[in-house]
Amino acid sequence: MKTALTIAGSDSCGGAGIQADIKTMTANGVYAMSAITALTAQNTTGVTDILESTPHFLAEQLDAVFTDIYPDAVKIGMVSSAELIVTIAAKLKQYGAKHIVVDPVMVATSGSKLLRDDAVTALCENLLPMAEVLTPNIPEAEILAGMSIQNADDMEKAAKAIGEKYGCAVLCKGGHQINDADDLLWRDGAGKWFRGKRIDNPNTHGTGCTLSSAIASNLAKGYDLDASVERAKAYISGALAAMLDLGKGSGPMNHMFALKGDFVG
(Lines give C-alpha, C1' and ligand atoms only; values in the text may rest on other atoms or scores of the structure.)
Protein backbone atom coordinates (compact mmCIF):
# COMPACT_ATOMS: atom_id res chain seq x y z
CA MET A 1 0.00 0.00 0.00
CA LYS A 2 1.24 3.48 -0.88
CA THR A 3 1.58 6.02 1.93
CA ALA A 4 0.97 9.75 2.39
CA LEU A 5 1.78 12.19 5.17
CA THR A 6 -0.25 15.26 6.09
CA ILE A 7 1.47 18.09 7.95
CA ALA A 8 -1.32 20.35 9.15
CA GLY A 9 -3.50 21.45 12.06
CA SER A 10 -6.16 19.40 13.80
CA ASP A 11 -9.85 20.26 13.40
CA SER A 12 -11.77 19.05 16.43
CA CYS A 13 -15.00 18.89 14.39
CA GLY A 14 -13.39 16.64 11.78
CA GLY A 15 -14.28 18.50 8.58
CA ALA A 16 -10.95 20.12 7.75
CA GLY A 17 -7.27 19.87 8.71
CA ILE A 18 -5.65 16.53 9.40
CA GLN A 19 -9.00 14.83 9.98
CA ALA A 20 -10.17 15.73 6.47
CA ASP A 21 -6.76 14.80 5.10
CA ILE A 22 -6.75 11.36 6.72
CA LYS A 23 -10.30 10.64 5.55
CA THR A 24 -9.43 11.76 2.03
CA MET A 25 -6.24 9.72 1.86
CA THR A 26 -8.04 6.65 3.19
CA ALA A 27 -10.90 7.06 0.71
CA ASN A 28 -8.33 7.40 -2.08
CA GLY A 29 -6.61 4.15 -1.19
CA VAL A 30 -3.39 5.20 0.54
CA TYR A 31 -2.17 4.77 4.10
CA ALA A 32 -2.42 8.12 5.91
CA MET A 33 -0.01 9.51 8.50
CA SER A 34 0.10 12.89 10.21
CA ALA A 35 2.34 15.44 11.87
CA ILE A 36 0.25 17.99 13.76
CA THR A 37 1.28 21.65 13.58
CA ALA A 38 -1.47 22.88 15.92
CA LEU A 39 -4.52 21.80 17.87
CA THR A 40 -7.59 23.89 17.19
CA ALA A 41 -10.87 24.18 19.05
CA GLN A 42 -13.23 24.67 16.14
CA ASN A 43 -16.52 23.63 14.66
CA THR A 44 -18.60 24.53 11.61
CA THR A 45 -19.21 28.04 12.95
CA GLY A 46 -15.60 29.07 13.63
CA VAL A 47 -12.35 28.68 15.56
CA THR A 48 -12.30 29.51 19.27
CA ASP A 49 -8.73 28.61 20.25
CA ILE A 50 -5.41 27.37 18.85
CA LEU A 51 -2.56 25.55 20.61
CA GLU A 52 0.56 25.36 18.42
CA SER A 53 3.06 22.52 18.45
CA THR A 54 6.57 23.55 19.41
CA PRO A 55 9.20 23.34 16.65
CA HIS A 56 10.95 20.59 18.65
CA PHE A 57 7.81 18.46 18.98
CA LEU A 58 6.91 18.91 15.31
CA ALA A 59 10.43 17.82 14.36
CA GLU A 60 10.07 14.75 16.58
CA GLN A 61 6.81 13.81 14.83
CA LEU A 62 8.45 14.14 11.41
CA ASP A 63 11.46 12.08 12.50
CA ALA A 64 9.13 9.38 13.81
CA VAL A 65 7.29 9.12 10.48
CA PHE A 66 10.20 9.37 8.05
CA THR A 67 12.46 6.92 9.91
CA ASP A 68 9.81 4.21 10.02
CA ILE A 69 7.10 4.44 7.33
CA TYR A 70 8.53 6.63 4.57
CA PRO A 71 5.72 8.59 2.84
CA ASP A 72 5.25 8.36 -0.93
CA ALA A 73 3.75 11.87 -0.91
CA VAL A 74 3.47 14.79 1.53
CA LYS A 75 0.65 17.29 1.84
CA ILE A 76 1.26 20.49 3.81
CA GLY A 77 -1.67 22.53 5.06
CA MET A 78 -1.95 25.34 7.57
CA VAL A 79 1.28 26.19 9.39
CA SER A 80 0.84 29.37 11.37
CA SER A 81 4.36 30.35 12.47
CA ALA A 82 7.68 31.00 10.76
CA GLU A 83 9.53 28.71 13.19
CA LEU A 84 7.34 25.73 12.33
CA ILE A 85 7.66 26.40 8.60
CA VAL A 86 11.47 26.45 8.85
CA THR A 87 11.36 23.20 10.86
CA ILE A 88 9.22 21.46 8.22
CA ALA A 89 11.45 22.60 5.36
CA ALA A 90 14.58 21.40 7.14
CA LYS A 91 13.12 17.94 7.83
CA LEU A 92 11.75 17.50 4.31
CA LYS A 93 15.20 18.32 2.93
CA GLN A 94 16.89 16.01 5.45
CA TYR A 95 14.77 13.04 4.39
CA GLY A 96 14.52 13.87 0.66
CA ALA A 97 10.73 14.01 0.72
CA LYS A 98 9.02 13.56 -2.65
CA HIS A 99 5.70 14.57 -4.21
CA ILE A 100 5.22 17.58 -1.93
CA VAL A 101 1.81 19.26 -2.30
CA VAL A 102 1.51 22.63 -0.55
CA ASP A 103 -1.87 24.17 0.16
CA PRO A 104 -0.66 27.72 0.98
CA VAL A 105 -3.29 28.49 3.60
CA MET A 106 -3.07 32.26 4.04
CA VAL A 107 -6.61 33.59 3.74
CA ALA A 108 -9.82 32.12 5.13
CA THR A 109 -12.87 31.70 2.88
CA SER A 110 -14.33 34.64 4.78
CA GLY A 111 -11.39 36.77 3.60
CA SER A 112 -9.66 37.10 6.97
CA LYS A 113 -5.87 36.78 7.04
CA LEU A 114 -4.58 33.61 8.71
CA LEU A 115 -0.81 34.11 8.66
CA ARG A 116 1.44 36.76 10.16
CA ASP A 117 3.76 38.54 7.73
CA ASP A 118 6.86 36.71 9.01
CA ALA A 119 5.13 33.36 8.45
CA VAL A 120 4.15 34.35 4.89
CA THR A 121 7.78 35.26 4.20
CA ALA A 122 9.04 31.98 5.69
CA LEU A 123 6.48 30.01 3.65
CA CYS A 124 7.54 31.69 0.41
CA GLU A 125 11.27 31.39 1.07
CA ASN A 126 11.43 27.89 2.55
CA LEU A 127 8.50 25.68 1.57
CA LEU A 128 7.08 26.85 -1.75
CA PRO A 129 10.30 26.22 -3.73
CA MET A 130 10.24 22.59 -2.48
CA ALA A 131 6.73 21.89 -3.75
CA GLU A 132 5.78 19.79 -6.75
CA VAL A 133 2.51 21.70 -6.87
CA LEU A 134 0.85 24.58 -4.99
CA THR A 135 -2.93 24.81 -4.63
CA PRO A 136 -3.81 28.47 -3.88
CA ASN A 137 -7.34 29.84 -3.95
CA ILE A 138 -7.94 33.21 -5.63
CA PRO A 139 -7.06 35.44 -2.60
CA GLU A 140 -3.91 33.37 -1.93
CA ALA A 141 -2.88 33.51 -5.59
CA GLU A 142 -3.32 37.29 -5.48
CA ILE A 143 -0.89 37.48 -2.54
CA LEU A 144 1.66 35.12 -4.11
CA ALA A 145 1.54 36.80 -7.53
CA GLY A 146 1.22 40.35 -6.20
CA MET A 147 -1.72 41.17 -8.47
CA SER A 148 -5.50 41.39 -8.54
CA ILE A 149 -7.40 38.50 -10.14
CA GLN A 150 -10.70 39.44 -11.76
CA ASN A 151 -11.13 36.89 -14.54
CA ALA A 152 -9.77 33.74 -16.18
CA ASP A 153 -7.00 35.65 -18.00
CA ASP A 154 -5.81 37.04 -14.66
CA MET A 155 -5.75 33.51 -13.26
CA GLU A 156 -3.41 32.47 -16.06
CA LYS A 157 -1.12 35.46 -15.52
CA ALA A 158 -1.00 34.87 -11.76
CA ALA A 159 -0.39 31.12 -12.05
CA LYS A 160 2.41 31.74 -14.56
CA ALA A 161 4.03 34.33 -12.30
CA ILE A 162 3.82 32.06 -9.23
CA GLY A 163 5.13 29.02 -11.11
CA GLU A 164 8.09 30.94 -12.53
CA LYS A 165 8.91 32.50 -9.16
CA TYR A 166 8.94 29.25 -7.17
CA GLY A 167 9.83 26.73 -9.87
CA CYS A 168 6.83 24.48 -9.33
CA ALA A 169 3.44 23.65 -10.80
CA VAL A 170 0.49 25.77 -9.65
CA LEU A 171 -3.15 24.74 -9.43
CA CYS A 172 -5.01 28.04 -9.21
CA LYS A 173 -8.45 27.19 -7.86
CA GLY A 174 -11.48 28.96 -9.31
CA GLY A 175 -14.57 30.06 -7.45
CA HIS A 176 -14.62 33.33 -5.52
CA GLN A 177 -17.00 34.71 -8.17
CA ILE A 178 -14.40 34.26 -10.95
CA ASN A 179 -16.02 31.13 -12.38
CA ASP A 180 -18.04 28.16 -11.25
CA ALA A 181 -15.48 25.52 -10.36
CA ASP A 182 -12.84 25.73 -13.09
CA ASP A 183 -9.26 25.27 -11.91
CA LEU A 184 -6.11 26.14 -13.85
CA LEU A 185 -3.00 23.96 -13.67
CA TRP A 186 0.14 25.82 -14.78
CA ARG A 187 3.20 23.67 -15.36
CA ASP A 188 6.20 23.61 -17.70
CA GLY A 189 5.30 26.98 -19.20
CA ALA A 190 1.73 26.14 -20.18
CA GLY A 191 -1.71 26.18 -18.61
CA LYS A 192 -4.42 23.51 -18.64
CA TRP A 193 -7.98 24.14 -17.50
CA PHE A 194 -9.86 21.55 -15.50
CA ARG A 195 -13.53 22.32 -15.90
CA GLY A 196 -15.94 21.73 -13.07
CA LYS A 197 -19.62 22.31 -12.42
CA ARG A 198 -20.54 24.28 -9.33
CA ILE A 199 -22.45 22.11 -6.87
CA ASP A 200 -25.05 24.07 -4.94
CA ASN A 201 -24.02 22.93 -1.49
CA PRO A 202 -23.38 25.48 1.30
CA ASN A 203 -21.43 22.89 3.30
CA THR A 204 -17.91 23.40 1.97
CA HIS A 205 -15.84 23.19 5.18
CA GLY A 206 -12.48 21.62 4.36
CA THR A 207 -12.64 21.70 0.56
CA GLY A 208 -9.09 23.06 0.21
CA CYS A 209 -7.65 20.47 2.58
CA THR A 210 -9.53 17.72 0.80
CA LEU A 211 -8.47 18.67 -2.72
CA SER A 212 -4.77 18.94 -1.87
CA SER A 213 -4.85 15.64 0.03
CA ALA A 214 -6.56 13.89 -2.87
CA ILE A 215 -3.88 15.20 -5.25
CA ALA A 216 -1.14 13.96 -2.90
CA SER A 217 -2.84 10.56 -2.62
CA ASN A 218 -2.90 10.11 -6.38
CA LEU A 219 0.70 11.24 -6.78
CA ALA A 220 1.62 8.67 -4.13
CA LYS A 221 -0.12 5.98 -6.20
CA GLY A 222 1.96 6.88 -9.24
CA TYR A 223 -0.45 8.99 -11.28
CA ASP A 224 1.06 11.97 -13.06
CA LEU A 225 0.08 15.48 -11.97
CA ASP A 226 -2.63 16.00 -14.61
CA ALA A 227 -4.33 12.71 -13.77
CA SER A 228 -3.94 13.37 -10.03
CA VAL A 229 -5.70 16.74 -10.35
CA GLU A 230 -8.45 15.27 -12.50
CA ARG A 231 -9.09 12.42 -10.08
CA ALA A 232 -8.97 14.78 -7.09
CA LYS A 233 -11.55 17.10 -8.67
CA ALA A 234 -13.83 14.14 -9.41
CA TYR A 235 -13.47 12.95 -5.82
CA ILE A 236 -14.26 16.31 -4.24
CA SER A 237 -17.24 16.78 -6.57
CA GLY A 238 -18.62 13.47 -5.34
CA ALA A 239 -18.01 14.38 -1.71
CA LEU A 240 -19.91 17.66 -2.19
CA ALA A 241 -22.70 16.10 -4.27
CA ALA A 242 -23.41 13.64 -1.44
CA MET A 243 -25.00 16.66 0.31
CA LEU A 244 -24.03 15.80 3.87
CA ASP A 245 -25.62 18.32 6.23
CA LEU A 246 -24.07 18.47 9.70
CA GLY A 247 -23.53 21.35 12.12
CA LYS A 248 -24.91 24.85 12.48
CA GLY A 249 -22.49 26.57 10.09
CA SER A 250 -20.67 25.62 6.88
CA GLY A 251 -20.56 21.89 7.44
CA PRO A 252 -18.21 19.13 6.27
CA MET A 253 -18.44 17.01 3.13
CA ASN A 254 -19.01 13.27 3.02
CA HIS A 255 -15.45 12.08 2.44
CA MET A 256 -16.55 8.45 2.45
CA PHE A 257 -19.27 8.73 -0.20
CA ALA A 258 -17.44 6.17 -2.38
CA LEU A 259 -15.89 3.99 0.28
CA LYS A 260 -16.43 0.88 -1.86
CA GLY A 261 -16.31 2.77 -5.15
CA ASP A 262 -13.94 3.79 -7.89
CA PHE A 263 -11.61 6.07 -5.97
CA VAL A 264 -9.87 3.39 -3.91
CA GLY A 265 -8.18 1.74 -6.90
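What counts, and where the lines are drawn
Residues numbered from 1 in each chain as written. Predicted model: local features only at pLDDT ≥ 70, side-chain atom pairs only at ≥ 80, totals over all residues. Heavy atoms only, no water. Pairing = 2+ DSSP bridges. Helix = DSSP H or I, 4+ residues; strand = E, 2+ residues; numbered from the N terminus. 1 Å grid on protein atoms, 1.4 Å probe; cavity = no way out; pocket = protein on both sides within 12 Å on 5 of 7 lines; lining within 4 Å. Points joined across faces, edges and corners; volume = space filled by probe spheres on them. Nonpolar A, V, L, I, M, F, W, Y, C, P; charged D, E, K, R; others polar. Core = buried A, V, L, I, M, F, W, Y, C linked by side-chain atoms within 4.5 Å. Buried < 20%, exposed > 50% of the residue type's maximum accessible area, 1.4 Å probe, protein only. Contact = heavy atoms within 4.5 Å.

A. Quick look at the pairing of strand β3 (residues 46-52). As judged from the six bridges shared by strand β2 (residues 31-43) and β3, these two strands associate in the antiparallel manner. Paired with Asn43 across the two strands is Gly46, which belongs to β3. Between β2 and β3, which pair antiparallel and follow one another directly, the connecting turn spans two residues.

B. Structural detail: empty space enclosed by the protein. This structure, assessed with the given rule, holds one cavity of 30 Å³ or more. Considered as a void within the structure, the largest cavity measures approximately 40 Å³ in volume. Together, Gly77, Met78, Val79, Ile85, Asp103, Pro104, Val105, Leu115 and Leu123 line the largest cavity. Of the residues in the lining of the largest cavity, the class split is seven nonpolar, one polar and one charged.

C. Structural detail: the sheet that holds strand β8 (residues 183-187). What the nine strands build is an open sheet, ordered β3-β2-β1-β4-β5-β6-β7-β8-β9; its pairing is mixed. In the strand order of this sheet, the two ends are held by β3 and β9 (190-194), each with one partner. Pairing geometry for strand β1 (residues 3-11) and β2, over nine bridges, is parallel. Looking at the pairing, Asp11 lines up with Thr40 of β2.

D. A look at the nonpolar core. Counting 49 residues, the largest nonpolar core has Leu5, Ile7, Val74, Ile76, Ile88, Leu92 and Leu127 as the members making the most contacts within it. Sort the elements by how many residues they give to this core and helix α3 (residues 82-95) lands first, with seven residues. Setting aside chain neighbours within four positions, we find Leu127 in contact with Ile76, Ile85, Ile88, Ala89, Leu92, Val102 and Ala122.

E. A look at unusual backbone geometry. The backbone of His99 sits at a positive phi, close to 50°, despite the residue not being glycine. Mapped onto the fold, His99 is located in the loop between α3 and β5 (100-102). Its relative accessible area of 29% is what places His99 among the partly exposed residues. A positive phi is found at Asp188, a non-glycine position, where the angle reads about 50°. Positionally, Asp188 belongs in the loop between β8 and β9. Judged by its relative accessible area of 75%, Asp188 falls in the exposed class.

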